[in-house]
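Here's the letter readout for the chains.
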Amino acid sequence: MNINVYTESTPNPATMKFIVNKLLINGSVDFATKESAEKSPFAKELYKFSFVNGVFFASNFVTITKFEGDNWDDILPILKEFVKGAVEAELKVQDEEQPEAGDFEGSDIEVKIQQILHDYVRPAVEQDGGAISYKSFDEGVVTVELRGSCSGCPSSTVTLKAGIENLLKRMVPEVTEVVSEAL
């Protein structure tokens, strides 16, 4: 199979999305630090580049966050070539495959919230190179975790409040607020 890699910018200027024409992982996994990448041969190799500050994988893409002083014009060709080579060499995203998340759990309201996040929010967030996961629902407050390009993105607060919170409030009247848990 001929591997093609193309890039897309994300709402986070420090993060770029590298999309390939092959499934990399079922689900998503975030390696926000060099230390967390120890169990990922692919992420571990990416962190060998001095300009890599974060790595996130989902389906057919890897989102890479750079350090503030680095310029995308300088590092984009290097990363694009590396991602292509890593995918061609079948470098693993994880040493062991993680089980996929099964059915949603919790009360009827929690299951409804998780279903909405999965069906409506997840695809949009993945489009921008990130991921969202449900953490909890307590007294009207939904707590989520934003990863990938969404983590530290200047527009993630707007996405969270104007997008996700409004959607959940409309579809689940018991929801009063949505907050993001810091990583």
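Residues numbered from 1 in each chain as written. Predicted model: local features only at pLDDT ≥ 70, side-chain atom pairs only at ≥ 80, totals over all residues. Heavy atoms only, no water.

Engineer: Would you mind showing me how to read the overall build of the chain here?
Structural biologist: The number of helices and strands found in the chain is 4 helices and 8 strands. Each helix and strand of the chain, ordered N terminal to C terminal, gives the series β-β-β-α-β-β-α-α-β-β-α-β. By principal-axis analysis of the C-alpha atoms, the chain measures approximately 50 × 35 × 30 Å. A buried classification covers 43% of the 183 residues belonging to the chain. When contacts within the chain are restricted to residue pairs at least 6 apart in sequence, those whose partners lie at least 24 apart make up 59%. Element-wise, carbon and sulfur atoms account for 50% of the exposed surface of the chain, whose accessible area totals about 9800 Å². (Helix = DSSP H or I, 4+ residues; strand = E, 2+ residues; numbered from the N terminus. Buried < 20%, exposed > 50% of the residue type's maximum accessible area, 1.4 Å probe, protein only. Contact = heavy atoms within 4.5 Å. Areas by Shrake-Rupley, 256 points an atom, 1.4 Å probe, with all protein chains shown as cover.)

Engineer: So what exactly am I meant to see when it comes to the pairing of strand β3 (residues 28–31) here?
Structural biologist: Regular strands place their side chains on alternate faces of the sheet. Across the two faces of β3 the burial differs, with Val 29 and Phe 31 buried and Ser 28 and Asp 30 not buried at all. Sheet topology places β3 next to strand β4 (residues 52–58); 4 bridges connect them, and they run antiparallel. The residue bridging Ser 28 from the neighbouring strand is Ala 58, located in β4. (Pairing = 2+ DSSP bridges.)

Engineer: Can you walk me through the environment of Val 141 in this structure?
Structural biologist: Within the secondary structure, Val 141 is located in strand β7 (residues 141–148). In the structure, Val 141 is positioned 35 residues away from Thr 176 in sequence and 5.9 Å away in space, judged by C-alpha atoms. In contact with Val 141, not counting residues within four places along its chain, are Ser 136, Thr 176, Glu 177 and Val 179.

Engineer: Would you explain the pairing of strand β5 (residues 61–66) in this entry?
Structural biologist: When you tally the buried positions in β5, you get 6 out of 6 residues, the bulk of the element. Neither face of β5 is exposed, since Phe 61, Thr 63 and Thr 65 on one face and Val 62, Ile 64 and Lys 66 on the opposite face are all buried. In this sheet, β5 lies alongside strand β2 (residues 15–20) in antiparallel orientation, the contact comprising 5 bridges. The partner of Phe 18 across the bridge, within β5, is Val 62. As paired elements, β4 and β5 share 6 bridges and run antiparallel to each other. In the sheet register, Gly 54 faces β5, and the bridge partner there is Thr 65. Hairpin remark: β4 followed by β5, antiparallel, with 2 residues in the connecting loop; positive phi at Ser 59, about 35 degrees.

Engineer: Would you mind going over the pattern of salt bridges with me for this structure?
Structural biologist: Any two side chains of opposite charge can pair if their charged atoms end up close together. With the rule as written, the count across this model stands at 7 salt bridges. Residues Lys 44 and Glu 38 are paired through a salt bridge, measuring 3.5 Å at the closest nitrogen-oxygen approach. Residue classification places Lys 44 among the partly exposed residues on the basis of a relative accessible area of 36%. With a relative accessible area of 46%, Glu 38 lands in the partly exposed category. (Salt bridge = Lys/Arg side-chain N within 4 Å of Asp/Glu carboxyl O.)

Engineer: Help me out: how do you make sense of the packing of aromatic side chains in this one?
Structural biologist: The geometry of two aromatic rings is summed up by the distance between their centres and the angle between their planes. Applying the stated criterion across every chain, the model contains 6 aromatic pairs. Pairing Phe 42 with Phe 57 gives two aromatic rings, centres 5.0 Å apart and planes at 65 degrees, and the pair type is edge-to-face. One end of the pair, Phe 42, is in helix α1 (residues 41–46); the other, Phe 57, is in strand β4, with 15 residues separating them in the sequence. A relative accessible area of 0% places Phe 57 in the buried class. Between Phe 42 and Phe 82, the aromatic rings sit 6.0 Å apart at their centres with planes inclined by 75 degrees, giving edge-to-face as the arrangement. Of this pair, Phe 42 sits in helix α1 while Phe 82 sits in helix α2 (residues 72–88), and the two are 40 residues apart along the sequence. There is no split in this pair, since Phe 42 and Phe 82 are both buried. In this structure an aromatic cluster arises from ring pairing among Phe 31, Phe 42, Phe 49, Phe 51, Phe 57 and Phe 82. The ring of Phe 61 has Lys 17 lying over it, and the distance from NZ or CZ to the ring centre is 4.5 Å. (Phe/Tyr/Trp six-rings, centres within 6.5 Å; stacked < 30°, edge-to-face > 60°. Lys NZ or Arg CZ within 6 Å of the ring centre and 35° of its normal.)

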